[in-house]
Structure formats: structure tokens, C-alpha cells
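# Reading the structure
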Amino acid sequence: MIKIKFYYVFIVPIFIFSSLLIGALLPQKYKSLPASCDVKICVINFGFHSEIVVPVQNTIFDWRKHLSLNQIGAGKNADYNYLGFGWGEREFYMNPPREIDAKIAAGIKALFLPNPSVIRVEGYKNLPQNFEIECFGVSTTGYLKLNKFIRDTFILNWQGEKNRFPYGVRQNVSYYEAKGTYSILRNCNSWTAEALRKADVNTPVWAGLSKAIMLHLDNSCDGGK
């Protein structure tokens, strides 16, 4: 009985941790660059959350036709050159608790219970330099697939409009109702990895950590537009 308890208490957690670590280090596929490097996109690592950053518009795709820039942020400033997209648990993402015990409780709830999700849209005049950021090129086809994946994450109302939350708005950030439920099996970084794979960007086998995603990004293909 003691040996069985020892196995479950020590061996099983070590096995799970080791498996996740290996999954974070292993790439989905061993491929260096996409077929072409037509558009530059970026990924930002906020420490736990990750965010995909794309141009507002270029000759390939114009986000202004799909999202009102005047809705993004509290300042009603549409002078953005880039848009950042992130996905996460609705309550924790929009209203993160300040107290450490509240953060722990909210974090456990977000990870171990299926919770409604939200998509976070952030407008940038210039690419931010105060966080870890990696930029790289993707093909035209991959870029269009990436943008379609992001667009398909928004929940639309009966009028075909995106459901923007009137609260949780910051100076250059707004939140919208999103498809999918957040849990330990699919968190914010899992969504980022899914989106990047649409653009043929390499990601880790297990993408639960933002740092694992950053590890596999290849910025040798700078991209253009």
C-alpha cells in the first residue's frame, strides 16, 4: 500500500511534468522556412499569455473590412498600424484579480473547469518593445488562413456583428465574445499555436506555455508587407 501511494504521489507527477517538458521542446515538424515570406507577423510573450500581431492592412488583407478600429480601446483612436489578437478565459482575462489568493483561486478555476472564452484585440501604432517579441515572414496563403482562423474565433450576433464587451476596455484594448471553452486542455497559448499552424509556422508538440511557442519561432524569414 505504501509503495502504491509513493508511486502516485511522486512518480506520476514526475512522468506528467517530464512528458510536458519534452512536448514543449519538440517541434510539431522539422521544417525551417515556409514556401515564401510575403507578410511579416509577430508573436508577443507577456510571460503567461501570448498574442499574435498582424498588420492592420496590406495588399493581401485589410482588417478594417472585418473589424471597426474605432471600437478598439477606450480612446476611440483608430490610428493603428498593427492589431494584436489573444484568446483566453473570459473572467480572468478581462478582470484579472489583484490579490494573490484571488489569483490562485481564479487560476485554478480557469484551468480545471471549462469556462467561456474571450478574444482580446489590441491596437498598436508601433510594435511594442517592452515585451519579448519575435517577428517572421509567412506566405500569402498561410497569412490568409491565419486571418480566417482569427475571424472565425469571434462569435457573431444575429446581425452578423461581433459582440464587443462594454467593460474590461483599456486605452488600446477591447474584448469580444469568442468561440470555444478555456481549460487546462486548451488554454490561451494553445489557441495561439493553432492559429500559427494555419500559417505553416512551426510550434511545439505541447504549446501550453508561451515561452515554448517563442522557442520554436524562426525569425530568419523577415517577410515584407
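Residues numbered from 1 in each chain as written. Predicted model: local features only at pLDDT ≥ 70, side-chain atom pairs only at ≥ 80, totals over all residues. Heavy atoms only, no water.

Close contact between helix α4 (residues 140-153) and helix α5 (residues 188-198) brings their axes to 7 Å; oriented N to C, the two are set at 145°. Every residue of α5 that contacts α4 at G142, K145, L146, F149, I150 and T153 is listed here: W191, E194, A195, L196 and K198. Grouping the amino acids of the contact of α4 with α5 by side-chain chemistry returns 6 nonpolar, 2 polar and 3 charged. (Axes fitted to C-alpha atoms, helices over the stretch in contact; angles between N-to-C directions. Helix = DSSP H or I, 4+ residues; strand = E, 2+ residues; numbered from the N terminus. Contact = heavy atoms within 4.5 Å. Nonpolar A, V, L, I, M, F, W, Y, C, P; charged D, E, K, R; others polar.)

Spatially, 6 strands are ordered β5-β1-β2-β3-β4-β6 in an open sheet, and the strand pairing comes out antiparallel. Strands at the two margins of the open sheet, each flanked by one partner only, are β5 (132-138) and β6 (173-182). Going from strand to strand, the sheet's axes swing by 25° on average, the running direction of each strand aside. In this sheet, strand β2 (residues 50-55) lies alongside strand β1 (residues 39-45) in antiparallel orientation, the contact comprising 4 bridges. When the sheet's bridge partners are listed, I44 is paired in β2 with E51. Here α4 sits on the sheet in contact with β1, β2, β3 (82-89), β4 (115-124), β5 and β6, set at roughly 120° to β2. Those strands touched by α5 are β1, β2, β3, β4, β5 and β6, and its axis lies near 35° from that of β2. (Pairing = 2+ DSSP bridges.)

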